[in-house]
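Breakdown of the fold
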Amino acid sequence: MTVTILVLAAGVATALAVVRMLRGPRHADRIVALDILLAAAVALCVAASLATQRTVFLDVAIGLALVGFVATIGWARLVDRGGMS
């Protein structure tokens, strides 16, 4: 039950993030949408871990979260400095 709810919530978040990525209108909106997609991927890794009772998926989730955090900070700094117009 919990896994189903988690997968459905991640699917809704992914759909909304894709809409925001396509519609924009600014680069910052697209960066936030990418961050939401990454958070949905982390949620799916946690759901896989719960469904299979294996902790290896949690390691993947932690790695995705770390890479996503660094990437989001990098993109935000690029937009803040005016590198993307």
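In this report, the structure presented in the accompanying data block is examined. (Residues numbered from 1 in each chain as written. Predicted model: local features only at pLDDT ≥ 70, side-chain atom pairs only at ≥ 80, totals over all residues. Heavy atoms only, no water.)

**Quick word on unusual backbone geometry**
Cis geometry is found at the peptide bond from G24 to P25, where omega equals 0 degrees. Within the secondary structure, P25 is located in the loop between α1 (2-23) and α2 (27-52). Residue Q53 is not a glycine yet carries a positive backbone phi of 60 degrees. Mapped onto the elements, Q53 comes out in the loop between α2 and α3 (56-80). (Helix = DSSP H or I, 4+ residues; strand = E, 2+ residues; numbered from the N terminus.)

**Overview of a nonpolar patch on the surface**
A cluster of nonpolar side chains, F69, V70 and I73, forms an exposed patch at the surface whose accessible area comes to about 310 Å². By the element assignment, I73 lies in helix α3. (Patch = residues over 30% accessible without salt bridge, like charges linked within 9 Å, V, L, I, M, F, W, Y side chains within 5 Å. Areas by Shrake-Rupley, 256 points an atom, 1.4 Å probe, with all protein chains shown as cover. Salt bridge = Lys/Arg side-chain N within 4 Å of Asp/Glu carboxyl O.)

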